[in-house]
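# Overview (structure and organization)
Residue strings, one per chain:
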Number of protein chains: 2
Amino acid sequence: MAVVVGVIGGGQLARMMIPAAIELGIELKVLAETDGMSAALAVDRVGDYTDAATVLEFARDVDVVTFDHEHVPQDVLRLLVDAGVRVHPGPDALRFAQDKLLMRERLSELGLPVPDWARVETPDDLDDFIREHGGSAVVKTPRGGYDGKGVRVVRAAAEVAEWFATIAEDGRGGALLVEELVDFRRELAQLVARSPSGEIVPWPVVETVQVGGVCSEVIAPAPRSAGRLADVASSVAITIAEGLGVTGVLAVELFETTDNRILVNELAMRPHNSGHWSMDGSTTGQFEQHLRAVLDLPLGGTGSHEAWSVMVNVLGGPAEGTLADRYPEALAGHPTAKLHNYGKLPRPGRKVGHVTVIGADLDDVVYEARAAAAVFQD
Amino acid sequence: MAVVVGVIGGGQLARMMIPAAIELGIELKVLAETDGMSAALAVDRVGDYTDAATVLEFARDVDVVTFDHEHVPQDVLRLLVDAGVRVHPGPDALRFAQDKLLMRERLSELGLPVPDWARVETPDDLDDFIREHGGSAVVKTPRGGYDGKGVRVVRAAAEVAEWFATIAEDGRGGALLVEELVDFRRELAQLVARSPSGEIVPWPVVETVQVGGVCSEVIAPAPRSAGRLADVASSVAITIAEGLGVTGVLAVELFETTDNRILVNELAMRPHNSGHWSMDGSTTGQFEQHLRAVLDLPLGGTGSHEAWSVMVNVLGGPAEGTLADRYPEALAGHPTAKLHNYGKLPRPGRKVGHVTVIGADLDDVVYEARAAAAVFQD
């Protein structure tokens, strides 16, 4: 079996694969964008992941290539596959994570529940859609958006005039994605792992809390999700994983609407912020499961250690100094909190770490996790 | 606070500190004995830990020094302390782990329950002890023994003639340790962590099963230990940690005698095989707790995720190939087993990994852990 996994991208997702790799005795080699990134300990080389020669050279020494992000261009991914490299997730799956229009088309073909959407090439088309959907809509650039970037709620096409200008200049027949503004009760995420052999294992559906488009908190399992909600969420994610040929961890972000529908919002084909709780709360954490999946090893169990797991992101970090300066206070006050430091310099809004607490009483667990994370923020 | 921990020794204990260090955002630098050791990923330099210049040079770039083993000579340790290096555990504590005669003397001074013992300098003294203790006894070389080495059950001094010859040649007034052959029902281990500030946190007492002097299996907590046994074991370990000034993790190996006494067998001042279960079964694993302790950070909670945790060592590994060759079989058959691969080549008797399973039913947990570990052995 393969024992060297190459990870393209050196962020915190690559970093958190390292402990899992150590325990499994797998060597991890990271192609990082720059020096000193979160996954520095496992960096094999620093280079541009959009440069085919760099990526091919990196892939020569590994048994399988996987990713910290979904931004490696399709032509580079296809060169890897043509060169005989095992790539998971592969380019055929990743294009749906790279292009939200393609993703919406494919999910609609699969009969999955999605918000009303349209491909719009002109401001007039967009204004028509807005008019037909109660006077507002969500416009998304099909590519390059994350953590709320490239997503805008608008009441008129004029509010995204510069996006239309950009696709006009682009000259590749570009378009924007427009979606109905969903009236949702809460946001959920369903993670599954799928191996190339087709084994699929879900985790429980979780509730995610976003602030300013950025994930702030995750509750696992989502409160009041047992039964129909859990069944629908896992069935949707399994259909997507199979229908899109995803390998590794797939995160499906969902809306639970005020009229009790479950709609697919976004996809991520990699370990995901909404799965960090699993490192401390589940028999198999998402980083271990991702490695097992991309190596086509049997997947691990996903039972939970306790009734509840709550993960709170540390966003930004302290105004002065480092996270470590706050350890005495955070650890003394919260002995059950599991702290994960991404080794990044604090900067407003930046994800610099997270805290997970597990336990039997949801109120206690939420309180502890929030309180521990708050120590690191001013 | 200190954020670079230097570990002397590159074995699996140093290796298993790496994941904990990554999550805490602590840099780990290892001084390894040779290239390609278990902790290779964090190796800063390769050198001889008995050479003062090598160790001092290594210590220059770290905030605190700790250990994978207890074999760094006292003179080297004292040079480190004199140079202003924070060393945990320090030389005053470590000498009791390095010299079993000193340990027995000190534990007796502290009034702790130990087997009958004596310092013997001549075969005649030893034969007297044997005669007074029913015709047999355990002889130990005070230094350098581990995993059953340097320990021999004898019926006559002639059976350790070469050990007497060695101490005679040594010319340093050496002696052997002799202990009564304890009639024990089972072996236990009590682990605690203690920080330089004096905070002490115990884990539950565990039952350990030794085969041929080597730890084979650990059950946490020790069955039928709730109440008096747990209280005595933790109180003994806390007395030792305080009395000997231990910092970091302390493992106290205990005998539960057939007449219901608890006697101290051996000590280890570092993470210990009997604590590996805590990585998967406890809120705070022993490697994380050791790092927190040596950095004088507040210690973590040690509640258990499930009623039972069972750890089984992988001793030797497969006759041909590597552990990884057996992953498909091991992981498919045992989805709840947590596998820890030390990255060492299989060799008869060598500790090459371990498996932990946690759960509510002890019979199930023992069965699964043994079955998963057995896949790796021929």
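Everything numeric here is computed off the predicted structure, so don't read it as measured data.

Calculation notes
- Residues numbered from 1 in each chain as written.
- Chains lettered and ligands numbered in written order.
- Predicted model: local features only at pLDDT ≥ 70, side-chain atom pairs only at ≥ 80, totals over all residues.
- Heavy atoms only, no water.
- Pairing = 2+ DSSP bridges.
- Helix = DSSP H or I, 4+ residues; strand = E, 2+ residues; numbered from the N terminus.
- Axes fitted to C-alpha atoms, helices over the stretch in contact; angles between N-to-C directions.
- UniProt positions renumbered as here; feature names shortened; annotations may be inferred.
- Buried < 20%, exposed > 50% of the residue type's maximum accessible area, 1.4 Å probe, protein only.
- Contact = heavy atoms within 4.5 Å.
- Polar contact = N/O pair within 3.5 Å; in protein donor to acceptor, adjacent residues only side chain to side chain.
- Buried area = accessible area lost by both parts, 1.4 Å probe.
- Salt bridge = Lys/Arg side-chain N within 4 Å of Asp/Glu carboxyl O.
- Nonpolar A, V, L, I, M, F, W, Y, C, P; charged D, E, K, R; others polar.

Residues and elements named next belong to chain B. With parallel pairing, 5 strands are arranged side by side in an open sheet as 3-2-1-4-5. Every interior strand has two partners, whereas the edge strands, strand 3 (43-46) and strand 5 (86-87), have only one. Relative to strand 3, strand 2 (residues 27-32) is paired through 3 bridges, and the arrangement is parallel. Residue pairing for strand 3: valine 30 is matched across the bridge by valine 43.

So, on to the sheet that holds strand 6 (residues 117-120) of chain B. Residue and element names in this part refer to chain B. Ordered by their spatial adjacency, 4 strands build an open sheet running 6-9-7-8, and the pairing between neighbours is antiparallel. Whereas interior strands pair on both sides, the edge strands pair on one side only; in this sheet they are strand 6 and strand 8 (151-154). Taken pair by pair, the neighbouring strands of this sheet meet at an average axis angle of 25 degrees, ignoring direction. Where strand 7 (residues 137-140) and strand 8 come together, 4 bridges link them in antiparallel fashion. Along strand 8, the bridge assignment pairs valine 138 with valine 153.

This part takes up the UniProt feature "binding site: ATP" (unreviewed entry) in chain A. Residue and element names in this part refer to chain A. Cross-referencing UniProt, the feature "binding site: ATP" (unreviewed entry) maps to Lys100, Lys140, Glu179, Glu180, Leu181, Val182, Glu187, Asn265 and Glu266 in the present numbering. Within the secondary structure layout, glutamate 179 lies in strand 9 (residues 176-180). Owing to a relative accessible area of 3%, glutamate 179 belongs among the buried residues under this scheme. Those residues within four positions of glutamate 179 in sequence are excluded, and the remaining contacts are Arg104, Pro115, Asp116, Trp117, Phe129, Ala137, Val138 and Lys140. Excluding anything up to four places from it in sequence, glutamate 180 contacts Pro115, Asp116, Phe129, His133, Val138 and Leu263. Polar contacts involving the side chain of glutamate 180 include one to the main-chain amide nitrogen of aspartate 116, which spans 2.8 Å.

A word on the interface of chain B and chain A. Listed per partner, the contact involves 35 residues of chain B and 35 residues of chain A. Of the roughly 3,100 Å² buried between chain B and chain A on both sides combined, carbon and sulfur atoms contribute 61%. Applying the counting criterion to the chain B and chain A interface returns 2 salt bridges. Of the charged contacts in the structure, one is a salt bridge between A:Lys338 and B:Glu288, with a shortest N-O distance of 2.8 Å. Counting only elements with at least two residues in the side of chain B that touches chain A, the list comes to helix 1 (12-24), helix 10 (286-294), helix 11 (327-333) and strand 17 (338-341) of chain B. Examining the composition of the side of chain B that touches chain A, we find that 7 residues originate from one element, helix 1 of chain B, more than from any other. In terms of residue class, the side of chain B that touches chain A is built from 20 nonpolar, 9 polar and 6 charged.

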